[in-house]
Amino acid sequence: MMRSLTISPDKCTGCLQCEMACSYENEGVFNPVKSRIKVFVFEQEGRHVPYTCTQCADAWCQNACPTEAIQINAQTGAKEVNEGLCVGCKVCTIACPFGTVNYNQATGKVIKCDLCGGDPACAKACPTQAITYQDANWTGYDKMRSWADKTNTQATAQA
Amino acid sequence: MRYVIIGAGPAGVVAAETLRKQDPKGEVILIGDEPEPAYSRMAIPYLLAEHIDERGTYLRHATDHFENLGIRQIHEKVTAVDGTGHTLTLQSGESINFDRLLIASGSRPVAPPIPGLDQPGVHHCWTLADARYIADYAKAGSKVVLMGAGFIGSIIMEALVERHVELTVLEMGDRMVPRMMDQTAGNLIKHWCIDHGVNVRTSTRVMEVKPDDTGIARLTLECEAAKPIQADLVVVATGVRPETRYLENSGVQIRQGVVVNDYLQTTLPDIYAAGDVCEALEWGTGNHAVHAIQPVAAETGRVAAMNMTGSNTLYAGSLQMNILDSIGLISTSYGQWQGVENGESSELLDEARFRYIKLQFEADRLVGAITLGMTEHVGVLRGLIQSRTRLGRWKEHLMKDPSRIMEAYLGATHSA
Ligand SMILES: Cc1cc2nc3c(=O)[nH]c(=O)nc-3n(C[C@H](O)[C@H](O)[C@H](O)COP(=O)(O)OP(=O)(O)OC[C@H]3O[C@@H](n4cnc5c(N)ncnc54)[C@H](O)[C@@H]3O)c2cc1C
Ligand code: SF4
């Protein structure tokens, strides 16, 4: 059973431990700016929404890439950027309708969530279980899918 | 069932793979007239900038990729198609029958009617062969003139800058990337490039290209109301047009490109078209247009192949979307960035920092956008446009401050 990141914004306190953990795991620094998961703050409502790639089944970023640089990790199902093949054209960053592939000007490559190879640092770091890593058909997953469907411009087969 | 595809670019390759997936037993033949393994034109700038070698431009990296999928490849030019007769003719004279045909021959570069563009030293930048030629002449310090600062021209500019040539960019229009950027953004990009040492001249018309007789360079460009410019190499990036010349007597309707319906089917039932060559539904406007960009090539290739195998898949339409890196200044444009009738727009400009964002709305939906200097989460602009999300109260927030786009996206799509 593939697992996926499940996010419950109502449990998020905005402590940014996930962003710290992500940037440290992936970039070797504690710097939220370099995190692949972002916590968005809704000041007026006092709400915090952690947000990252949902690893769509039929991924826009992967389909758009001209050099086969976004590949599926067979174990985790994550769509991973192969830095050796990425030319930094950024087409994936405009193709992903969730805005979860971002260009890193320092390296000239793109970065996105890769589920840390199956042990996501953000979920481990989250003190309130606002981010959990669980079986894909558990709660929340369908909701994420439905967001994905809202932006589903990849033509759908008609019955 | 025999499927034949003309053109081994991204549209053709994605289609071939999709055909195989949908119809494991069908015969799939992929015909392309270039000698190299299937590659991606849009990787050429990175080859010129020497970030990758030619293999880095290949669409698929496993050498036996197509063999493993049982896709037969033919490296030859198709010279004619008989649509009703279900056959096509190769350059060698051989003819091939098909049950279903996909036209995915892409576009070809076109030059304006200026005398002297047909001599050695003047070159397009469209194929790997072109790239090799340009790499030979665009050496550090050599004088290079780039004609055209549209989207493709501007991407090539970036690569030429990285080759440390002495570069002059000439554009007939009044700004850079006129079909992707408004006046404000196009001018900011121009000033940024000039600040970074590129000689960019907009509103400049080349009258003639002649051999140079001073011995300093290979060529001289005569310009209207400006001093002549010397060049060792002239790169012409003045536009492209769908490659339909071999289809004249095929029976399929051609306007600007090969006309297709909402299933990417041409006017002949067993023939489909995808990629740069097709004139398909444009997303959001109901018009038909040619959208010569990579994401559209991949998407139309996939949808056309689905329909060729009988799956009845509706094409949602091509959304104009581009991203450009001009010496580190990143710009994007989406959809109807010029705005729509009775629509509203909001913008935020920080000229000193080269930052700009402009949003176009129709009622409370986003229909187009331009950004400058933004690299984080730009994709949500596509998400908001193509999901037709009703922004509700977020529309007013965005009218006041368009930079709050990510908040608006989450607010409008992820709240109860
Ligand atoms: C320098 C450069 C930079 C670019 N940058 C970007 C970018 O940043 N973003 C973006 O979205 N797009 C970019 N593009 C455009 C993008 O590459 C094209 O939209 C894409 O390649 C279209 O794919 P296609 O499969 O439709 O056609 P093509 O890639 O053109 O492939 C068509 C193939 O068919 C072959 N063919 C044509 N006629 C025949 C025939 N009669 N018989 C047999 N074979 C034939 C051609 O030789 C070619 O190999 C760029 C293009 C260039 C040249
Ligand atoms: S930026 Fe890299 S991963 Fe993204 S589409 Fe371009 S080559 Fe592929």
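Residues numbered from 1 in each chain as written. Chains lettered and ligands numbered in written order. Predicted model: local features only at pLDDT ≥ 70, side-chain atom pairs only at ≥ 80, totals over all residues. Heavy atoms only, no water.

S.K.: How should I be thinking about the overall build of chain A in this particular structure?
M.R.: Assigned secondary structure in chain A consists of five helices and eight strands. In chain A, which comprises 159 residues, the proportion classed as buried is 57%. Once local pairs closer than 6 in sequence are excluded, the contacts in chain A between residues at least 24 apart make up 56%. (Helix = DSSP H or I, 4+ residues; strand = E, 2+ residues; numbered from the N terminus. Buried < 20%, exposed > 50% of the residue type's maximum accessible area, 1.4 Å probe, protein only. Contact = heavy atoms within 4.5 Å.)

S.K.: Help me out: how do you make sense of the site of ligand 1 in this one?
M.R.: All names here are of chain B. Of all residues adjacent to ligand 1, which total 34 residues, the nearest are Asp33, Glu34, Val78, Asp276 and Gln294. Between ligand 1 and the protein, one listed contact pairs an oxygen atom with a backbone N or O atom of Ala11 at 2.9 Å. Within the backbone of Ala292, a nitrogen or oxygen atom sits 3.4 Å from an oxygen atom of ligand 1. When isolated, ligand 1 has an accessible area of 990 Å², and the protein chains bury 96% of it. (Near = heavy atom within 4 Å. Polar contact = N/O pair within 3.5 Å; in protein donor to acceptor, adjacent residues only side chain to side chain. Areas by Shrake-Rupley, 256 points an atom, 1.4 Å probe, with all protein chains shown as cover.)

S.K.: Quick question: what am I supposed to make of helix α10 (residues 405-413) of chain B here?
M.R.: Because an α-helix packs 3.6 residues into every turn, residues spaced three or four apart end up facing the same way. Within α10(B), nine of the nine residues are buried, which leaves the element mostly enclosed by the surrounding structure. Among the residues of α10(B), B:Ile405, B:Met406, B:Glu407, B:Ala408, B:Tyr409, B:Leu410, B:Gly411, B:Ala412 and B:Thr413 are the ones counted as buried.

S.K.: Any chance you could explain the domain arrangement of chain A here in plain terms?
M.R.: Quoted interface sizes are often the accessible area lost when the parts come together. All names here are of chain A. When cut into domains, chain A gives domain 1 (1-52 + 117-145) and domain 2 (54-112). For domain 1 versus domain 2, the separation of C-alpha centres amounts to 19 Å. In this assembly, eleven residues from domain 1 lie in contact with 13 residues from domain 2. Contact between domain 1 and domain 2 buries roughly 940 Å² in total, counting both sides, with carbon and sulfur atoms accounting for 54%. Where domain 1 meets domain 2, there are zero salt bridges. Taken together, the connections running from domain 1 to domain 2 amount to three residue pairs in polar contact (both at pLDDT 80 or more). In the side of domain 1 that touches domain 2, the residues fall into four nonpolar, three polar and four charged. (Domains from an automatic or database assignment. Buried area = accessible area lost by both parts, 1.4 Å probe. Salt bridge = Lys/Arg side-chain N within 4 Å of Asp/Glu carboxyl O. Nonpolar A, V, L, I, M, F, W, Y, C, P; charged D, E, K, R; others polar.)

S.K.: Got a minute to help me understand the site of ligand 2 in this structure?
M.R.: Every residue near ligand 2 is listed here: A:Cys65, A:Pro66, A:Thr67, A:Ala69, A:Ile70, A:Cys86, A:Val87, A:Gly88, A:Cys89, A:Lys90, A:Cys92 and A:Val110. When the residues that make up the shell around ligand 2 are grouped by side-chain class, the tally is nine nonpolar, two polar and one charged.

S.K.: Honestly, the domain arrangement of chain B in this entry has me stumped. Any pointers?
M.R.: All names here are of chain B. The domain boundaries assigned to chain B delineate domain 1 (2-109 + 240-308), domain 2 (122-236) and domain 3 (328-415). Computed from C-alpha atoms alone, the centre-to-centre distance between domain 1 and domain 2 is 30 Å. Contacts between domain 1 and domain 2 engage 18 residues on the former and 14 residues on the latter. Summing both sides of the interface, domain 1 and domain 2 together bury roughly 1,500 Å²; the carbon and sulfur share of this comes to 68%.

S.K.: What exactly am I supposed to notice about the pattern of salt bridges here?
M.R.: Inspection of every chain in the model, using the stated rule, returns 27 salt bridges over all chains. Put simply, A:Arg36 and A:Glu27 hold a salt bridge, and the shortest N to O gap is 2.9 Å. Given the relative accessible area of 16%, A:Arg36 is considered buried. Put simply, B:Arg132 and B:Glu54 hold a salt bridge, and the shortest N to O gap is 2.6 Å. Taken as a pair, B:Arg132 in helix α4 (residues 128-137) and B:Glu54 in the loop between α2 (44-48) and α3 (65-68) lie far apart in primary sequence, 78 residues in all. When its relative accessible area of 35% is taken as the criterion, B:Arg132 is described as partly exposed. Among the residues examined, B:Glu54 registers a relative accessible area of 22% and is labelled partly exposed. Counted as one network, the salt bridges with shared partners bring together A:Glu27, A:Arg36 and A:Asp114.

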